[in-house]
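Overview (structure and organization)
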Amino acid sequence: MLTKMVACFLPAILLLLAVVLPLISRVVVSQRTDGTSLSPFSGQGEWQLLQASIGISAMHMQLLRNNKVVMFDRTDYGPSNISLPSGLCRHDMNDTVLKNDCTAHSVLYDIDSNTFRPLMVQTDTWCSSGSVRADGTLVQTGGYNDGDRVVRVLAPCTDNSCDWIEFHGYLSQRRWYSTDQILPDGRIIIVGGRRQFSYEFYPRSSTSSSPSDTQRLGFLGETTDENENNLYPFVHLLPDGNLFVFANTRAISLDYKQNRVVTEFPLMPGGHPRNYPSSGSSVLLPIVDNNNGIAEAEIMVCGGAPSGSFTQATHGNFSRALATCGRIKVTDENPSWAMETMPMARVMGDMVILPTGDVIIINGAGSGTAGWEFGRNPVTRPVIYHPQAMGPGTRFLVMGPATRPRMYHSTSVLITDGRIIVGGSNPHVFYNFSGVNYPTDLSLEAYSPPYLAPEYRPIRPTVTNARGTLAYNQSFSVTFSVSMFLRMGIVSVRMVAPSFTTHSFGMNQRMVVMRTTGVSMVGPNAYRVDVVGPSTAEISPPGYYMLFVVHSGIPSTGVWVRIQ
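Residues numbered from 1 in each chain as written. Predicted model: local features only at pLDDT ≥ 70, side-chain atom pairs only at ≥ 80, totals over all residues. Heavy atoms only, no water.

Helices and strands together make up the secondary structure of the protein, namely three helices and 45 strands. A globule of 564 residues ought to have a C-alpha radius of gyration of about 24 Å, and the protein, at 23 Å, matches this closely. C-alpha extents for the protein along the principal axes are approximately 85 × 50 × 50 Å. Buried positions account for 61% of the 564 residues belonging to the protein. Pairs at least 24 residues apart make up 62% of the contacts formed inside the protein by residues separated by at least 6 positions. Here the protein holds 42 positive side-chain charges and 42 negative ones, and the gap between their average locations is 5 Å. (Helix = DSSP H or I, 4+ residues; strand = E, 2+ residues; numbered from the N terminus. Rg over C-alpha atoms; globule rule 2.2 N^0.38 Å. Buried < 20%, exposed > 50% of the residue type's maximum accessible area, 1.4 Å probe, protein only. Contact = heavy atoms within 4.5 Å. Lys, Arg positive; Asp, Glu negative; His and termini not counted. Charge placed at Lys NZ, Arg CZ, Asp CG, Glu CD.)

A complete count under the given rule lists 25 aromatic pairs for this structure. Judged by centre distance (4.8 Å) and plane angle (75 degrees), the rings of W126 and Y144 are edge-to-face. Pair noted here: W126 is in the loop between β7 (115-119) and β8 (129-132) and Y144 is in the loop between β9 (138-141) and β10 (151-154), with a separation of 18 residues, a long-range link. Residue classification places W126 among the buried positions, given a relative accessible area of 9%. Between the aromatic rings of Y144 and W176, the centroid separation amounts to 4.6 Å while the plane-to-plane angle is 40 degrees, which identifies the pairing as tilted. Within this pair, whereas Y144 is found in the loop between β9 and β10, its partner W176 is found in the loop between β11 (165-167) and β12 (179-182), the two being separated by 32 residues in sequence. A relative accessible area of 25% places Y144 in the partly exposed class. Through a chain of ring-to-ring contacts, three or more aromatic side chains come together here, namely W126, Y144, W176, Y177, Y232, Y276, W372 and Y408. Against the face of W126 rests R74, its NZ or CZ located 3.7 Å from the ring centre. Here R376 stacks its cationic end above the ring of F318, 4.0 Å away from the centre of that ring. (Phe/Tyr/Trp six-rings, centres within 6.5 Å; stacked < 30°, edge-to-face > 60°. Lys NZ or Arg CZ within 6 Å of the ring centre and 35° of its normal.)

So, on to the state of the cysteines. For the coordinates displayed, the defined rule picks out three disulfides. Here C157 connects covalently by a disulfide to C162, the sulfurs 2.0 Å from one another. Judged by the torsion about the S-S bond (-60 degrees), the C157/C162 disulfide is left-handed. One disulfide bridge connects C302 with C325, the sulfur atoms lying 2.0 Å from each other. Taking the sign of the S-S torsion, 115 degrees for the link of C302 and C325, the bridge is right-handed. Of this pair, C302 sits in strand β22 (residues 298-302) while C325 sits in strand β23 (residues 324-329), and the two are 23 residues apart along the sequence. Across the protein, the way the bonded cysteines pair up, counted in sequence order, is 1-2, 3-4, 5-6. (Disulfide = S-S within 2.5 Å.)

The next subject is a nonpolar patch on the surface. Taken together, the side chains of V97, V429 and F430 make up a nonpolar region of the molecular surface, amounting to roughly 230 Å² of accessible area. Residue placement: F430 occurs in the loop between β32 (420-424) and β33 (444-448). (Patch = residues over 30% accessible without salt bridge, like charges linked within 9 Å, V, L, I, M, F, W, Y side chains within 5 Å. Areas by Shrake-Rupley, 256 points an atom, 1.4 Å probe, with all protein chains shown as cover. Salt bridge = Lys/Arg side-chain N within 4 Å of Asp/Glu carboxyl O.)

Here the focus is the nonpolar core. Grouped together as the largest cluster of nonpolar side chains are 135 residues, with contacts concentrated most on V70, M71, Y177, F244, M300 and I421. If you tally residues by element for this core, the top one is strand β43 (residues 543-551), at six residues. With residues near it in sequence (within four places) discarded, F244 still touches F234, V235, H236, L238, A251, I252, F265, I299, V330 and W337. With 16 residues, the next largest nonpolar core counts I189, F201, F219 and V235 among its residues. (Core = buried A, V, L, I, M, F, W, Y, C linked by side-chain atoms within 4.5 Å.)

What follows covers the environment of Q509. Within the element layout of this structure, Q509 appears in the loop between β39 (505-507) and β40 (510-513). If we ignore the near neighbours within four places in the chain, the residues touching Q509 are V283, M351, V352, I353, A497 and S499. At 3.2 Å, the side chain of Q509 and the backbone oxygen of M351 are in polar contact. (Polar contact = N/O pair within 3.5 Å; in protein donor to acceptor, adjacent residues only side chain to side chain.)

This part is about the pattern of salt bridges. Evaluation of the coordinates by the stated rule reveals 20 salt bridges. Residue D101 pairs with R90 through a salt bridge whose shortest N-O separation is 3.5 Å. A residue pair is termed long-range when its members are at least 10 positions apart, and D101 in strand β5 (residues 100-101) and R90 in strand β4 (residues 90-91) qualify at 11 residues. Assigned by exposure class, D101 and R90 land together as buried. Salt-bridge contacts for R406 lead to D441; the nearest nitrogen and oxygen are separated by 3.6 Å.

Below you can see the structure in the form of structure tokens.
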């Protein structure tokens, strides 16, 4: 009898062990202090080629709420490798390369069908910025030459009718290499740019553009280096409503309403620049919302290039990139930087928050800087960083290598199924596919982190019902199914705002971990988690987010919700 019982339950026991043991090992690894890099998941993730060519090099990238990704480069490369439809051509007498151009410089990629179509952009979007408005419309600002004062908008659509709409001369100042951030009131702040030590807003306060729409920010002028660089400043909206602004080596908290510096934070140890062209990266680590209107905020800055690297690269000397990261809890009474060392040095890498709350650092080079021909030694292995691991030596885990180098002008974004879309890489003034160390790359790939491995399917939740529109401080429920519910596991619900990614920085990227009040079983393999919506617009600005249920460290596919 006992033998029969064992035989009966053996498959279930083996399945339980197969699922539980890796999770137990994850906990053990997260507490190790010997510095070894053992993955908490089986495998090192998987790479998948989605498209051998989308016709352009994806210098800028934004996921929209209909699971389509807008990508674009610049108009003054010359012709791209994809034609505009129906005989359309761009006629631009200001273009420095090609005044009559019948090729596209922007595409819309459909994740679900793995297809793409060309879009028409008229003015030069080179090194521009962007943010998604509360209604889901992409607002894209600035650029180069005839595009430096232009605002462009693209509203998601269910057919093939949507395209760029451009508003020439909308901005009061030239915005080339500026940074955009959505604000609690739904406006977008546009910060900095080359030789622009100021900020302005979209929509503007008046019907016509004027210098009065601009607020001067002397901090940006103070942090400019000898080459007039402190470009693409790292800007994060803090839970108190102020902005964290990091430029080269210094960081402040800015009250943009009163145009005053609230706090100047300590210098990051080492004194090396981290913004373009040194091109480190930065994220606001996940915000835990306890619904009291107060939340801690911690910023992380990783990689970059040592002081003087840009000048050295112009003479053919390519300095080793920085391997250090700094974390600063800006809500502490006396904030200070805590430094850590990555497994490898990296410049021009992207930092992307994963649904688990971990951060993946992907793309980039091991030496040199951003700029034409200035990067060397591609770093093809992503690393995953676990912010909550016990000690610095346990937090970085090295993943499997990509087959393609992603250097200058590469991008990456998180999508709803948990993968990372990766594209771009063009270290040259024009498209150059031969006779160079790192040819222009028009391909599109997806990286699947280890949590998507098949062995985690039994504990991977599937969201079956979630409210599409959420209100601040309002209770709601999310139902999900899971084949094997681990009662010792933790269920959490978190929202991720999709980023506008370019030049190693994901603008507007943020994760909010919402307060859960209970988990209950509502049917066979079906569960309900009760949640309280974000407490303030400063913690979660209005707009569309990807909502994930995470069960025992394994995330569901995200569903789109709107905070308003």
